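Descriptive analysis of the structure
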Amino acid sequence: MKGTEWELPRQDVCGKEWKLLALYSSQALHAVEVESSSSIPMVVLKVFFPSCCSSAESGLLVGHWIPEQNSAVILAVVHFPFIPVQVKQYLSEVRQVTQVNVSVLGTWSNCKKKEESLSEFLEDLGTIFSHEPWIQLCKETDSKFWSCSIIQKHPSTPKEDEIILVYYDQRKVMLSHLHPPGNLTNSTDHKAEDASKLAILFDTVAKSKVLFMKDRYDDGPIKLTHWQSEGVEASIIVELMKQASIPVCMLLTFLLSFVSSVCKSRVLKFWPLCFIWSKLSTCEQLGHRLEHLQVISSNRKAQNQPQLMRKANIFVSLLADVALGILLMSWLYRKNRIGHLADTLIPVADHVAKELQDLLQWLMGVPAGLKMNRALDQVLGRFFLYHIHLWISYIHLMSPFIEMILWYVGLSACLGLTVALSILSDIIALLTFHIYCFYVYGARLYCLKIYGLSSLWRLFRGKKWNVLRQRVDSCSYDLDQLFIGTLLFTILLFLLPTTALYYLVFTLLRLLVVVVQGLIHLLVDLIDSLPLYSILLRLCRSYRLAAGVKFRVLEQKTGKPLRLLMQINPLSYGSVVQTYRLPTYSCYPKDSWGSLCKKLFLGELIYPWKHKGEKQD
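None of these values were measured; they are calculated from a predicted model.

This brings us to the packing of aromatic side chains. Applying the stated rule across the entire model yields 13 aromatic pairs. Ring centres of Phe433 and Tyr436 lie 6.4 Å apart, and the angle between their planes is 35°; this geometry places the pair in the tilted category. Placement of both Phe433 and Tyr436 in helix H12 (residues 433-460) is noted, with a separation of three residues, approximately one turn of the helix. Under the relative-accessibility criterion, Phe433 is labelled partly exposed at 48%. Ring centres of Tyr446 and Tyr503 lie 4.5 Å apart, and the angle between their planes is 5°; this geometry places the pair in the stacked category. Of this pair, Tyr446 sits in helix H12 while Tyr503 sits in helix H13 (residues 479-529), and the two are 57 residues apart along the sequence. In this structure, Tyr446 and Tyr503 share a single accessibility class: buried. Clustering of aromatic rings is evident, with ring pairs tying together Phe383, Phe384, Phe438, Tyr441, Tyr502 and Phe506. Here the basic side chain of Lys88 rests over the ring of Phe129, its NZ or CZ set 5.6 Å away from the ring centre.

See below:
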């Protein structure tokens, strides 16, 4: 059987019945013993063999024995000739550095023809390197099957061993990071145990990095075959960048510490400056990027894989942000687009002001055939018209400086596209400040009338709101209180339609501005939080982000060990984004549609986003 996918049927091997269950859905290789008709128990032994050593010369199998799983992880092959004392000394040094119990597990024979003298010599090595059990692997060129035998020097009970030979790509397993299943806490204990068993295999290979640094060009007495035996992978450019990054990081750390100390000084904590810093999106984004630069330039080494990936994602995100900002800046300063934009801004502002004036004139008349309270309608209309007049005067007063302001604002794009987008959001907020004022005036006036009507409605029912106990209690009112309450209720009720109409119109205008700013904030958060390095790593080297493994049957023959190929299952793109997503400085209120509609009906101010650590009004 060759090239078969994973689930194996019940086979008859050496006259004994057994079944192998591959539970790679939980990312583990799990063997289940099945009782045979014989009284001798059967033991399944798994040997994980690196595919790069399949053509190695004869020698010793060096690896790690996992007694809980009855598995052997082969890490390298020591070639002949060697001195056993030097091999033991070298493995003792490796154990001290890697904290992995690396030892000689057996012998490896790769001969073109059978040699009795070599076979006897390999058997004698078992007395020098005492390991229980002793594995003997033999590859013959005239046969595509390998022979494997297990020698038990001190067997406690008679057992019959079934051997499974699993090939794995040593380079991919060492460089990959195994991610546990996301639903591991909700899964069964059996699946969690399988995932932990597979993690032991990945950790064993990853911790044995020192063993892979010795290649065949070393002058030492020991020659090894592993995935880097032809030479340690290195790049001159990468090494030069590492050396040059040290002074650059030191200088950047000093500058960032200076800027951070200035930002935390008491001068910026006074009321006007701290208020501006908390309200402007540009200041928040600059502070967020300053924290990212401090993380990157920190001389503290990453302690684990998530910290390393976070640093790499932040670095690539900053590079992409700055690159996009420079592209935007080059586009703005080409063909005098800044001047065209400044010349277009004033007519657009005048057009918006004219449309608002026409809207207010329509509201001061008979809007949609509705009869409004004329006195209140005229007061509100003239009040808002005066604000529009002030806003137009402000825009025309700033018109000579608009081109210069836009020119300097365009230079800020070199700090990143997110900074430019944050400045754009602040500019929109400043240009639509009059709409925000209209919305606040209308909302406060409408909210005052709603709460006044609800309070007077409780007066008619003989109720009142208990402020101390936060509940509605019964209360008796005299005739004068009821008479005044009736007059106030009637006045507020008849003035409510006029106020509600202005509130409705300005709320819709405010929501339009909020949607535009919300889209800009979403784009900024997307650039800030998107793990670009992890996505590129998943695209180019998917084995680096492992979700589990799968097995494929290579060869199976009676009397020979079953040969399997272990392949890495990469994480899905959705899992990559969810696992390595970077935190942002903005958080969004989790209001349901019901609570949102309730706030709109009661006239409460609505903010679609807020910054972390900031209370919502």
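Scanning the model with the defined rule gives four salt bridges in all. For Arg289, the salt bridge goes to Asp321, with nearest N and O atoms at 3.1 Å. Of the two residues, Arg289 sits in helix H7 (residues 281-297) while Asp321 sits in helix H8 (residues 305-332), which places them 32 residues apart along the sequence. For the pair shown, Arg289 and Asp321 are each scored as buried. When the shortest N-O distance is used, the salt bridge between Arg289 and Asp528 registers 2.9 Å. Of this pair, Arg289 sits in helix H7 while Asp528 is found in helix H13, placing the two residues 239 residues apart along the sequence. On the basis of relative accessible area, Asp528 is assigned to the buried category, the value being 0%.

Within the protein, residue pLDDT values average 78, and 78% of them lie at 70 or more. By mean pLDDT, the top-scoring element of the protein is helix H14 (residues 532-540) (92), and the lowest-scoring one is strand S2 (residues 16-18) (31). The model gives residues 1-40 a pLDDT under 50, and that stretch makes 99 contacts with residues more than four places away or in other chains. Contacts for the low-pLDDT stretch residues 611-617, under 50 throughout, to residues beyond four places or in other chains number 17 contacts.

Counted at 1.5 Å a residue, the expected span for H8 with its 28 residues is 40 Å, and the 40 Å between its end C-alpha atoms agrees. Every buried residue belonging to H8 is among Met309, Ala312, Asn313, Ile314, Val316, Ser317, Leu318, Asp321, Gly325, Met329 and Leu332, and all of these are buried. Where H8 begins, one side-chain oxygen reaches toward the backbone nitrogen of Gln307, 3.1 Å away; that side chain belongs to Asn304.

Let us look at the packing of H12 against helix H16 (residues 593-602). Where H12 meets H16, the closest approach of the two axes is 8 Å, and the angle between their N-to-C directions is 90°. When the axes of H12 and H16 are compared, the pair comes out roughly perpendicular. Residues Tyr446, Cys447, Ile450 and Tyr451 of H12 form the contact with H16, whose own contacting residues are Leu600, Phe601 and Leu602. Its residues assigned to classes, the contact of H12 with H16 shows seven nonpolar, no polar and no charged.

A few words on the nonpolar core. Within the largest apolar cluster, 44 residues are counted, with the highest numbers of intra-cluster contacts made by Val87, Val205 and Met566. When sequence neighbours within four positions are dropped, the list of residues in contact with Val87 reads Leu60, Val78, Phe82, Val104, Phe129 and Ile222. By size, the runner-up hydrophobic cluster in this structure holds 35 residues, among which are Ala342, Leu363, Leu417 and Leu421.

What follows is about the layout of surface pockets. The space that makes up the second largest pocket amounts to roughly 1,200 Å³. In this structure, the second largest pocket is lined by 42 residues; those nearest its centre are Leu345, Leu424, Ile427, Ile428 and Leu431. The set of elements that each furnish at least two residues to the lining of the second largest pocket consists of H8, helix H9 (337-363), helix H10 (374-411), helix H11 (417-431), H12 and H13. With 11 residues, the top contributor of residues to the lining of the second largest pocket is H9. In terms of residue class, the lining of the second largest pocket is made up of 34 nonpolar, six polar and two charged.

Taken together, the side chains of Phe401, Met404, Ile405, Trp407, Tyr408 and Leu411 present a nonpolar region at the surface, about 590 Å² in accessible area. Relative to the helices and strands, Leu411 is located in helix H10.

To continue, consider the UniProt feature "transmembrane region" (unreviewed entry) in the protein. Here, the residues flagged by UniProt with the feature "transmembrane region" (unreviewed entry) are residues 244-263, 314-333, 379-398, 405-432, 438-460, 481-505 and 511-536. Secondary structure within residues 314-333 divides into 95% helix and 0% strand; the distance between the first and last C-alpha atoms comes to 28 Å. Along residues 511-536, the helical share is 92% and the strand share 0%, with 37 Å between the first and last C-alpha atoms.

The next subject is the packing of H9 against H13. At a closest axis distance of 11 Å, the pairing of H9 and H13 adopts a crossing angle of 160°. With respect to their mutual orientation, H9 and H13 come out roughly antiparallel. Between H9 and H13 lies a crossing whose hand is right-handed. When H9 is examined against H13, the residues Leu356, Leu359, Leu360 and Leu363 are found in contact with a partner set consisting of Leu501, Tyr502, Val505, Phe506 and Leu509. Among the residues forming the contact of H9 with H13, the class breakdown is nine nonpolar, no polar and no charged.

Turning next to the pairing of strand S13 (residues 471-474). Here four bridges tie strand S12 (residues 463-466) to S13, and the two strands are oriented antiparallel to one another. From the neighbouring strand, Trp465 faces S13, where its bridge partner is Val472. Hairpin connection between S12 and S13: a loop of four residues separates the two successive antiparallel strands, and Gln470 in this loop has a positive phi of roughly 55°.

One non-glycine residue, Asn70, adopts positive backbone phi at about 55°. Tracing the backbone shows Asn70 in the loop between strand S4 (59-66) and strand S5 (71-79). With a phi close to 60°, Lys335 is a non-glycine residue in the positive phi region. Assignment of secondary structure puts Lys335 in the loop between H8 and H9.

Conventions adopted
Residues numbered from 1 in each chain as written. Predicted model: local features only at pLDDT ≥ 70, side-chain atom pairs only at ≥ 80, totals over all residues. Heavy atoms only, no water. Phe/Tyr/Trp six-rings, centres within 6.5 Å; stacked < 30°, edge-to-face > 60°. Helix = DSSP H or I, 4+ residues; strand = E, 2+ residues; numbered from the N terminus. Buried < 20%, exposed > 50% of the residue type's maximum accessible area, 1.4 Å probe, protein only. Lys NZ or Arg CZ within 6 Å of the ring centre and 35° of its normal. Salt bridge = Lys/Arg side-chain N within 4 Å of Asp/Glu carboxyl O. pLDDT = per-residue confidence, 0-100. Contact = heavy atoms within 4.5 Å. Expected span 1.5 Å × (residues − 1). Polar contact = N/O pair within 3.5 Å; in protein donor to acceptor, adjacent residues only side chain to side chain. Axes fitted to C-alpha atoms, helices over the stretch in contact; angles between N-to-C directions. Parallel < 35°, antiparallel > 145°, perpendicular 65-115°, else oblique. Nonpolar A, V, L, I, M, F, W, Y, C, P; charged D, E, K, R; others polar. Core = buried A, V, L, I, M, F, W, Y, C linked by side-chain atoms within 4.5 Å. 1 Å grid on protein atoms, 1.4 Å probe; cavity = no way out; pocket = protein on both sides within 12 Å on 5 of 7 lines; lining within 4 Å. Points joined across faces, edges and corners; volume = space filled by probe spheres on them. Patch = residues over 30% accessible without salt bridge, like charges linked within 9 Å, V, L, I, M, F, W, Y side chains within 5 Å. Areas by Shrake-Rupley, 256 points an atom, 1.4 Å probe, with all protein chains shown as cover. UniProt positions renumbered as here; feature names shortened; annotations may be inferred. Left-handed = near helix turned anticlockwise from the far one by under 90°. Pairing = 2+ DSSP bridges.

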